[in-house]
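# Remarks on the overall topology
Letter by letter, the chains look like this.
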Amino acid sequence: MKLDVQVKDLGGGHEDIRLADIPDICPRCHRSVHPKHVCMSLLRERRLCQIAFRCIHQKCQELFVATYQPLNSSSAGRNEYGLTGLAPLSARQTEFPETIQDVSPTFVDIFNQAVVAESQDLTQLVGIGLRKSLEFLIKDFASSEHPDQEAQIRATQLGSCISQFVSDTNVKECAKRAAWLGNDETHYTRKWESKDVSDLKLLVKLTVNWIDNVLLTKKYVAEMQASGA
Ligand SMILES: [Zn+2]
């Protein structure tokens, strides 16, 4: 959707321009909206426009700023500008199953901090955060499976911890690969060049899913031993 607006510079000068697109998702509440434009600025020397929008959803109503750059095209006598960025962004928190929240609340916290870093384009920090979240997830899970060996689990390196203290094959195979990619995120050189942080995120989520399966299965087996069948 295009929008014709008049933008003003600091000295009071103005220009009529056409915005080639307007944001259709609020970066604050992530709802699909037609935001209201409330303030239009021209940063003449930097060849930028910044438009303050307001989310019209009753439960949000927040302001955010969209940045536009010239597209080197014009229509109806107006220079066209294209959307290049939105700020401030808020991260969409990931919800985890109850089993995971119980076993490792710290994992949930660190994972969601990594998601915040991702939403702020702090791309170098996302992988490091995911790697740390994986360590808490595995060690807390292993400790819940082997409570008598908790001290040893905590002191063991992640890779060895996965091989020694995780018995479920699916958890083990996914966690192992997540740890390999996690090491790539924290070391100077990469071993897995065809994989990136999105693969790491997916492997951490897979590990979460398998752990959830293990814990739920264990719960029901424990609760339903004497079926009388
Ligand atoms: Zn909103």
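Residues numbered from 1 in each chain as written. Predicted model: local features only at pLDDT ≥ 70, side-chain atom pairs only at ≥ 80, totals over all residues.

A separate point is the domain arrangement of the protein. Partitioning the protein into structural domains gives domain 1 (3-87) and domain 2 (98-223). Just the C-alpha atoms count here: the centres of domain 1 and domain 2 sit 41 Å apart. (Domains from an automatic or database assignment.)

This paragraph deals with the pairing of strand S2 (residues 14-19). Sheet analysis places strand S1 (residues 3-8) next to S2, joined by six bridges and oriented antiparallel. In the sheet register, Leu3 faces S2, and the bridge partner there is Leu19. Hairpin connection of S1 to S2: five residues between the antiparallel strands, including Gly12 at a positive phi of 100°. (Pairing = 2+ DSSP bridges. Helix = DSSP H or I, 4+ residues; strand = E, 2+ residues; numbered from the N terminus.)

The next thing to look at is the packing of helix H3 (residues 123-145) against helix H6 (residues 169-186). Interhelical geometry of H3 versus H6 gives an angle of 145° and a closest axis separation of 8 Å. The crossing of H3 and H6 is left-handed. Residue-level contacts link Gly127, Ile128, Leu130, Arg131, Leu134 and Ile138 of H3 to Ala175, Ala178, Ala179, Gly182, Glu185 and Thr186 of H6. Its residues assigned to classes, the contact of H3 with H6 shows seven nonpolar, three polar and two charged. (Axes fitted to C-alpha atoms, helices over the stretch in contact; angles between N-to-C directions. Left-handed = near helix turned anticlockwise from the far one by under 90°. Contact = placed C-beta atoms within 7 Å. Nonpolar A, V, L, I, M, F, W, Y, C, P; charged D, E, K, R; others polar.)

The next point concerns helix H2 (residues 105-119). Think of an α-helix as turning once every 3.6 residues; residues three or four places apart then point the same way. Here H2 is 15 residues long and its end C-alpha atoms lie 21 Å apart, about the 21 Å a rise of 1.5 Å per residue gives. Taken as a whole, H2 has its buried residues at Phe107, Val108, Ile110, Phe111, Ala114 and Glu118. Along its buried surface, H2 packs onto helix H1 (98-103) and H3. Just downstream of H2 lies Asp121, where phi reads positive at about 60°. (Expected span 1.5 Å × (residues − 1). Buried ≥ 20, exposed ≤ 12 C-beta atoms within 10 Å, placed from the backbone.)

Moving on, we come to the packing of H6 against helix H7 (residues 197-223). Where H6 meets H7, the closest approach of the two axes is 8 Å, and the angle between their N-to-C directions is 155°. Viewed along their axes, H6 and H7 adopt a mutual orientation that is roughly antiparallel. Handedness of the H6/H7 crossing: left-handed. Contact with H6, carried on its side by Asn170, Val171, Cys174, Ala175, Arg177, Ala178, Leu181, Gly182 and Glu185, involves Val197, Asp199, Leu200, Leu203, Val204, Leu206, Thr207, Trp210, Ile211 and Val214 of H7 and no other residues of that element. Residues that form the contact of H6 with H7 fall into these classes: 13 nonpolar, three polar and three charged. (Parallel < 35°, antiparallel > 145°, perpendicular 65-115°, else oblique.)

Moving on: H7. A rise of 1.5 Å per residue sets the reference length of H7, with its 27 residues, at 39 Å; its end C-alpha atoms lie 39 Å apart and thus fit the reference within 8%. For H7, every residue scored as buried is listed here: Val197, Leu200, Lys201, Leu203, Val204, Thr207, Val208, Trp210 and Ile211. Residues of H7 that are buried sit in contact with H1, H3 and H6.

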